[in-house]
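Listed here are the chains, written in short residue letters.
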Amino acid sequence: MSLFSINQIRKTFTNGEVEEEILKGITLTLKEGEIIALVGASGSGKSTLLTIAAGLQSVTDGQIIFEGKNMSAMNQEEIRKIRASQFGFVFQFSHLVPFLTVEEQLQLMLDVSEYQLKKDEQKKEVNRMLELVGMNHRKNAYPSSLSGGEKQRVAIARALIHQPKVLFADEPTASLDSKRSKEVILLIRQLTKDLNITTLMVTHDKEMLAFADTIVKMSDGVIVHKKESIK
Amino acid sequence: MNLAWKEMKRNKVRFLILGSIIFLISLLTFIISGLANGLSQDNASLINDLPEGHFYMSKDANQTYNLSQIEPDIQESLITKQSDTIALAIQMGFVHDPHNKQQSVAFVAATDSPIFDEVEAGEVILDSSMKEKGLKIGDIVTNTQLSGDLVVKGFVKHKKFSHAPVALINIEDYKEMYRVDKMQFIFIPGEQSSEKFNGYESFSKREFLQTIPSYNAEQMSLNMIVWFLVIISGMLFAIFFYMMNVQKIGLYGILKAIGLKTSKLFNMMWTQMMLITSSSLVCSIAASQLFNEIAPVEMPFRLTMSTTIQLSLVFFFIGFIGATLSGIQIKKIQPLQAIQQGEI
Ligand SMILES: Nc1ncnc2c1ncn2[C@@H]1O[C@H](COP(=O)(O)OP(=O)(O)O)[C@@H](O)[C@H]1O
Ligand SMILES: [Mg+2]
C-alpha cells in the first residue's frame with residue numbers, strides 16, 4: 001500500500017527576471033516501511049524534492065498525497081500538524097536548539113508532536129531513545145559541548161522519538177568524518193527498520209545504498225534511473 | 001516546556017544586558033519624573049495640595065493673580081452661599097529672622113477656612129522648610145513694611161509658592177504691609193462645574209497653576225524630557241528585540257520546521273519581554289523609592305507610587321508594542337531558511 005505519493009510535481013524558482021524550473025515533473029511512490037535513497041549530482045534538485053515532500057516548501061504544480069490526503073491543497077496549519085506529528089527530519093547539520101539539553105531536545109519534540117504521554121512515561125521514552133542512539137550518558141549536555149557525530153545522533157533521536165510515519169533525511173552524514181558517518185548510517189538503518197518507518201533520504205553512502213529498497217537517481221530535475229533492490 | 005525561561009537561563013549575559021538597559025532608562029525616567037513633580041510641589045504646593053475646585057480672578061487682571069481684585073460684596077455673598085469658600089491674597093516678600101538674616105517668603109492671607117490654620121494679627125505660620133533655616137516656634141520675625149513683629153506660631157508641611165516657603169499671616173497684617181483692602185482671588189472647593197460671575201474669570205486648578213509665571217515653562221520642559229525618555233525606551237525595546245530576533249531567525253526556523261506553532265514563538269518572546277521588563281522595573285522602582293527617601297531636603301524630589309505605577313504601565317505597553325512590532329518578522333520566517341543557513 002502506498003503511504004506517500006508524489007505526482008508530477010514541478011517547482012519553479014524566480015530569480016529576478018529569470019525563471020528556472022528545478023523540478024520538472026517528478027513522480028514517486030513510497031510504500032509503508034520502504035526506504036528510498038535519492039542520489040544525483042549536486043544541483044540536480046534532490047534537496048528541493050525532499051523539502052517539498054516534507055511540507056517545508058510548496059510546489060508550483062502537482063500533488064503530494066500523504067495517507068490519502070492532498071498536502072499541496074492544505075493550509076499552513078494543517079501541514080504544520082502533519083510535520084509535527086507524522087514526520088521526522090534529519091539534515092546535514094543537526095539543527096539542535098542551542099539552549100536545551102539533549103534530554104530536553106527530545107522532550108520538546110514530544111510536546112510539539114502532542115504525543116500523548118504521562119510525565120514519567122515521557123521520561124522513560126526519552127531515556128529509551130537516548131539509549132538506542134547511545135547518548136544516554138550525555139543527556140544533560142548542551143549541544144555546544146557535543147561533537148558533530150554526537151549531535152547528529154541526538155538529531156536522529158529527536159526525529160524519531162514521536163514515532164513518525166516518515167523520516168526525511170538530507171545528507172545526514174555530509175558533515176561527519178567516515179567513521180562517524182558509518183555509525184550514523186548504521187543507526188538510521190537499524191532504527192528505521194526496527195520502528196518500520198518509511199524513509200526518504202538523500203545519500204551517497206554505499207552502505208545505505210546497499211540497504212535501501214529503492215534507489216532513485218536524479219539529474220537536472222528529473223528522475224533518470226530507478227532501481228528496486230531484489231530483497 | 002518553558003522555552004522562554006530556558007533560553008534566558010542559558011543566555012544570561014544577553015538578557016542581563018537588555019535588562020540593565022531597561023533598568024537604567026526606567027530609573028532615569030522615574031528620577032526625572034520625581035524631579036518634575038518635586039519642582040512642581042516646590043513651585044506651587046500651596047495650590048497643588050488644595051482640594052479640587054475652582055478659582056476666580058477679576059477679568060481685568062488678565063489672568064495675573066496679583067493684579068486681580070475681589071470686590072468685598074461679592075466675596076461676602078460667595079462665602080455666605082458656600083461656607084468653605086476662601087478668599088486669598090499672595091505677595092512675594094521677605095522676613096528678617098532673629099539673626100537679622102533676610103529670608104524670602106510668599107506671604108499668604110486667607111479668610112477663615114478649615115484648609116488653612118487660623119492666624120491672629122502679629123502671628124505667622126511658616127512652611128516647614130524654614131525649620132532648616134534655623135527658625136523655631138516662638139521666634140520673632142519682622143518685615144520692614146509692618147509696624148509690629150510676627151511671632152512664629154507653627155509650621156506646616158508642603159506649603160510653597162513660586163519656590164518660596166509660604167508665610168501665612170493675618171489679613172489685617174497683610175493689608176497693612178501691602179496697603180490694599182481687597183483679596184486677590186477666590187477659591188471654591190468642590191467637584192461641581194464652575195459658575196459664572198459678572199466680571200470674573202474662572203480657572204480649574206490646572207489652569208490656575210499655569211497662570212503662575214515659570215510654573216508652565218518649568219513643567220513643560222520636564223514633562224517633555226520624561227516623555228522623550230519614554231519614547232526612547234520604547235525605541236530601544238524595539239531595536240533590541242529586533243536584533244535578538246534577527247540573531248534567532250535560524251532557531252525560529254528550526255522550531256517551526258519541527259512543528260512548533262508560530263503563536264508559541266510569540267508567546268516565548270512576550271514571556272521574555274514581560275520577565276525582563278518586570279524585573280528591571282522592580283529594581284528601578286526600588287532604587288527610585290530609595291532615592292526618594294535619601295534625596296537631600298534641598299533637592300525637590302517627590303515620586304508618588306501612583307506616578308510610578310502609571311509610568312510602569314506605560315513601559316509595559318511600550319515594551320509589548322516594541323517586542324511585537326519587531327517580532328512580526330517571526331511570522332515570515334520560513335523553516336527552510338534555517339535549514340539552508342547551516343548550523344545555528
Ligand atoms: N530557494 C531557491 N531559490 C532559487 N533557487 C534555488 C532555491 N533552492 C534551490 N535552488 C536551486 O535549485 C537547484 C537544485 O538545488 P538542490 O535541490 O539543493 O540540489 P541538490 O540537493 O540536488 O544539490 C540548484 O541550482 C539551486 O541553486
Ligand atoms: Mg542538497
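Please read all numbers here as calculations on a predicted model, not as lab measurements.

### Focus: the overall build of chain A
- From N to C terminus, chain A includes seven helices and ten strands.
- Compactness check: chain A gives a C-alpha radius of gyration of 18 Å against a globular reference of 17 Å for 231 residues, within 12% of the reference.
- Along the first, second and third principal axes, the C-alpha set of chain A runs to 50 × 40 × 40 Å.
- Classification of the 231 residues of chain A by burial places 53% in the buried group.
- Counting every atom, chain A has about 10400 Å² of accessible surface; 47% of that belongs to carbon and sulfur.

### Brief notes about the side chain of Glu34(A)
All names here are of chain A.
- As for its position among the elements, Glu-34 is in the loop between β2 (18–31) and β3 (35–40).
- No salt bridge is formed by the buried Glu-34; its nearest oppositely charged neighbour, Lys-31, is found at 4.3 Å.
- Within the structure, the side chain of Glu-34 is placed 2.8 Å from the side chain of Thr-214, a separation counted as a polar contact.
- For Glu-34, the contacting residues outside a window of four places in its chain are Thr-29, Ile-197, Thr-198, Thr-199, Asp-213 and Thr-214.

### So, the layout of surface pockets
Residue and element names in this part refer to chain B.
- Space inside the largest pocket adds up to approximately 850 Å³.
- Ser-129, His-158, Lys-160, Val-297 and Met-299 are, among the 26 residues lining the largest pocket, the residues nearest its centre.
- Those elements giving two or more residues to the lining of the largest pocket turn out to be α2 (12–48) and α4 (129–132).
- With four residues, α2 is the single largest residue contributor to the lining of the largest pocket.
- Of the residues belonging to the lining of the largest pocket, the class tally is eight nonpolar, eight polar and ten charged.

### Some remarks on the nonpolar core
- Within the largest apolar cluster, 85 residues are counted, with the highest numbers of intra-cluster contacts made by Leu108(A), Ile156(A), Leu3(B), Phe241(B) and Leu255(B).
- The element that contributes the greatest number of residues to this core is α2(B), accounting for nine residues.
- Non-local contacts of Ile156(A), meaning those with residues more than four positions away in its chain, are made with Val90(A), Val184(A), Leu187(A), Ile188(A) and Leu191(A).
- The next biggest cluster of nonpolar side chains, apart from the first, holds 37 residues, and it includes Leu3(A), Ile79(A), Phe87(A) and Val166(A).

### Describing the UniProt feature "domain: ABC3 transporter permease C-terminal" (unreviewed entry) in chain B
- Residues given the UniProt feature "domain: ABC3 transporter permease C-terminal" (unreviewed entry) here are residues 224–335 of chain B.
- Along residues 224–335 of chain B, the helical share is 85% and the strand share 0%, with 44 Å between the first and last C-alpha atoms.

### Let's talk about the pattern of salt bridges
- Tallied over the entire structure, the rule returns 18 salt bridges over all chains.
- Residue Asp42(B) pairs with Lys160(B) through a salt bridge whose shortest N-O separation is 2.8 Å. Taken together, the residues Asp42(B) in helix α2 and Lys160(B) in strand β7 (residues 160–161) connect sequence positions 118 residues apart.
- Residue classification places Asp42(B) among the buried residues on the basis of a relative accessible area of 16%.
- The class of Lys160(B) is buried, set by a relative accessible area of 17%.
- Linking Lys136(B) and Asp139(B) is a salt bridge whose minimum nitrogen-to-oxygen distance equals 3.6 Å.
- For Lys136(B), a relative accessible area of 52% corresponds to the exposed category.
- Overlapping salt bridges, with partners in common, bring together Arg153(A), Lys179(A), Arg180(A) and Glu183(A) in one network.

### Considering the site of ligand 1
All names here are of chain A.
- By nearness alone, every residue bordering ligand 1 is listed as Phe-13, Asn-15, Ile-22, Ala-41, Ser-42, Gly-43, Ser-44, Gly-45, Lys-46, Ser-47 and Thr-48.
- Ser-47 places a side-chain nitrogen or oxygen 2.7 Å from an oxygen atom of ligand 1.
- In the model, an oxygen atom of ligand 1 is placed 2.5 Å from a nitrogen or oxygen of the Thr-48 side chain.
- Considering ligand 1 on its own, with 560 Å² of exposed area, one finds that the protein chains cover 66% of that surface.
- Residues that form the shell around ligand 1 fall into these classes: three nonpolar, seven polar and one charged.

What counts, and at which threshold
- Residues numbered from 1 in each chain as written.
- Chains lettered and ligands numbered in written order.
- Predicted model: local features only at pLDDT ≥ 70, side-chain atom pairs only at ≥ 80, totals over all residues.
- Heavy atoms only, no water.
- Helix = DSSP H or I, 4+ residues; strand = E, 2+ residues; numbered from the N terminus.
- Rg over C-alpha atoms; globule rule 2.2 N^0.38 Å.
- Buried < 20%, exposed > 50% of the residue type's maximum accessible area, 1.4 Å probe, protein only.
- Areas by Shrake-Rupley, 256 points an atom, 1.4 Å probe, with all protein chains shown as cover.
- Lys, Arg positive; Asp, Glu negative; His and termini not counted.
- Salt bridge = Lys/Arg side-chain N within 4 Å of Asp/Glu carboxyl O.
- Polar contact = N/O pair within 3.5 Å; in protein donor to acceptor, adjacent residues only side chain to side chain.
- Contact = heavy atoms within 4.5 Å.
- 1 Å grid on protein atoms, 1.4 Å probe; cavity = no way out; pocket = protein on both sides within 12 Å on 5 of 7 lines; lining within 4 Å.
- Points joined across faces, edges and corners; volume = space filled by probe spheres on them.
- Nonpolar A, V, L, I, M, F, W, Y, C, P; charged D, E, K, R; others polar.
- Core = buried A, V, L, I, M, F, W, Y, C linked by side-chain atoms within 4.5 Å.
- UniProt positions renumbered as here; feature names shortened; annotations may be inferred.
- Near = heavy atom within 4 Å.

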